[in-house]
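So you can see what is in the structure, the chains are spelled out below.
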Amino acid sequence: MSLGQLLLTGVPGPVLDAETAARFKKLQPGGFILFGRNIQSPEQLRKLIDDLRDLSDIEPFITIDQEGGRVSRLRLIGEEPPNAQQLRDKGDPALIKWHGRLTGELLRLFGFNLDLCPVLDISYDDAADNSLKGRCWGRDPQQVISNAGVFNRALRKEGILSCAKHFPGYGPAECDPHEFLPVIRKSRREMELSELLPYSALLPELDSVMTCHSNYTAYDPDRGRWPASLSHNICTKLLRDQLGFEGLAMTDDLDMGAILNEVTFEQAIQEAVRAGNDLVMICHRLEMVELARQHLEGVEHPVLHDALVRIEKTKKRLRAPDAFRLDRFTAINREIWDLRVATLGEERAKILSVEDGKRSPVELY
C-alpha cells in the first residue's frame with residue numbers, strides 16, 4: 001500500500017479540476033474530507049464524491065463533520081439538524097436515535113462512508129469559548145455515554161463508520177485549538193474519572209478515534225507544550241495499550257493553530273504517526289499534501305506498517321454508497337425538519353444557528 005494511504009486530505013472546491021484530479025491520482029490519499037467550500041447542490045456533491053472514488057485505486061474514506069446544529073456541513077443544501085446539546089436537553093433517546101438514523105441515511109445517499117462524530121467531550125460550561133458550544137452530548141460522563149451511544153449505534157446501523165472525538169477530551173480547554181494550544185492540567189486520576197469514561201465505555205462500538213491538539217501535562221510532563229495528537233504516551237500508551245483500542249486513529253486537522261504555532265510541518269506529520277495515529281489530516285493547506293507524503297518516508301517502517309494494516313482493516317468495513325435520487329434527498333430533508341420541530345418546537349425550530357461574533361473557525365471550515 002502507498003504511503004498516501006496515511007493522508008486524509010481536504011479538496012479545494014466543489015468541482016474536481018484536472019490539476020487536482022491528477023495530483024490525487026498520483027498521491028492516492030487514504031481519504032478525503034469535505035467542507036462547506038465543496039458543497040453547492042445535491043447533484044454537484046454526489047458527482048464530486050463519485051469523481052473522488054473513481055480516481056482512487058483503493059476505496060477511500062469519504063468523510064465530513066455532520067454532527068448537528070452549526071457543525072452540519074450539509075445544512076448548506078438542506079435542513080439544519082438539532083445539535084447535541086438541544087437533543088440532550090430535550091432528554092428523549094428516541095429523538096437521538098432518529099437523528100443518528102437520518103444522519104446515516106443522508107450521508108450514504110451522497111456517498112460518504114465515515115462521519116467525524118460523535119463528540120465525546122464533556123460540557124463543563126455550555127457557553128465556554130473553546131469550540132464545543134452546542135456540540136456536547138452531556139454535562140457528565142454518564143450523560144455523554146448514554147446519549148452519544150444511542151446516536152453512534154443508530155448512525156453505524158445505516159452503514160456509516162463513526163469517529164469519536166476529541167481524545168482524550170477537550171472539555172476543560174479554556175481556548176479554541178483552532179487558534180491556540182489549550183493546556184489541560186488535570187491529573188491522570190481526574191482524567192480517568194471524567195474525560196476517559198466515555199471512551200472506556202464506547203470504544204468497542206467505535207470505528208475510529210480522533211486525537212486532539214491539547215497539551216495534557218499529566219501525560220507529557222517533560223515535553224513542554226506538546227499536543228496530545230503527537231504524543232506517544234496518549235495515542236499509544238493510553239488509547240491503545242491502557243484502553244485497548246485496536247481501531248483506526250486519526251489526528252484532528254494539522255492546519256489548526258494549536259499545531260502551526262508549536263511545531264514544524266515535518267514534526268507534525270512524522271510525530272503524529274510515531275505517536276500512534278494512522279491517518280494525518282490536512283484540511284486546508286492542500287499544497288502541502290505531497291510534502292506530507294515525503295515526510296512520511298522519514299518514519300520508521302514498522303510504525304508505517306502498523307498504521308497501514310489498521311487502515312486496510314478498517315476499509316474492509318466500508319460499504320458502497322446508495323444510488324442517488326433527488327426525491328430520496330427531499331424525503332430525508334423533510335424528516336430532518338420534522339426532527340428539528342420535535343426537538344425544539346415549531347417556533348424555535350425556525351431559528352437557525354447564526355454567527356455570534358465569538359464563533360469558532362469550526363463553523364467556517
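In this text the structure is predicted, and so the values were computed from the model without any measurement. (Residues numbered from 1 in each chain as written. Predicted model: local features only at pLDDT ≥ 70, side-chain atom pairs only at ≥ 80, totals over all residues. Heavy atoms only, no water.)

**Concerning the packing of helix α4 (residues 93-110) against helix α5 (residues 141-157)**
Two measures define how a pair of helices packs: the angle their axes make with one another and the distance between the axes.
Alright, step 1. Following both chains from N to C, one finds α4 and α5 inclined at 35 degrees, their axes separated by 7 Å at the closest point. For α4 against α5, the interelement crossing comes out right-handed. Contacts between α4 and α5 involve Pro93, Ile96, Lys97, His99, Gly100, Arg101, Thr103 and Gly104 from the first element and Asn147, Val150, Phe151, Ala154 and Leu155 from the second.
Alright, step 2. Of the residues contributing to the contact of α4 with α5, the split by class is 6 nonpolar, 5 polar and 2 charged. (Axes fitted to C-alpha atoms, helices over the stretch in contact; angles between N-to-C directions. Helix = DSSP H or I, 4+ residues; strand = E, 2+ residues; numbered from the N terminus. Left-handed = near helix turned anticlockwise from the far one by under 90°. Contact = heavy atoms within 4.5 Å. Nonpolar A, V, L, I, M, F, W, Y, C, P; charged D, E, K, R; others polar.)

**Remarks on the confidence of the model for the chain**
Detailed conclusions should not be drawn from predicted coordinates in areas where pLDDT is low.
Alright, step 1. Per-residue confidence for the chain gives a mean pLDDT of 95; residues scoring 70 or more make up 97%.
Alright, step 2. Taken as a whole, residues 355-359 scores under 50 in pLDDT and shows 3 contacts with residues more than four places along the chain or in a different chain. (pLDDT = per-residue confidence, 0-100.)

**Comments concerning the nonpolar core**
Alright, step 1. Of all hydrophobic cores here, the largest spans 64 residues; its most connected members are Leu45, Leu52, Leu74, Phe110 and Phe112.
Alright, step 2. A total of 7 residues in this core trace back to one element, the largest contributor, which is α4.
Alright, step 3. In this structure Leu74 touches Ile39, Leu45, Ile64, Gln66, Leu106, Leu107, Phe110 and Phe112, once residues within four positions along its chain are discounted. (Core = buried A, V, L, I, M, F, W, Y, C linked by side-chain atoms within 4.5 Å. Buried < 20%, exposed > 50% of the residue type's maximum accessible area, 1.4 Å probe, protein only.)

**Overview of unusual backbone geometry**
Alright, step 1. For the bond from Cys117 to Pro118, the omega torsion is 20 degrees, close enough to zero to count as cis.
Alright, step 2. Mapped onto the elements, Pro118 comes out in the loop between β6 (114-115) and α5.
Alright, step 3. In the segment running from Lys165 into His166, the intervening peptide bond is cis, with an omega of 5 degrees.
Alright, step 4. Considering the arrangement of structural elements, one finds His166 in strand β7 (residues 161-167).
Alright, step 5. Unusually for a residue other than glycine, Gln28 sits at a positive phi of about 50 degrees.

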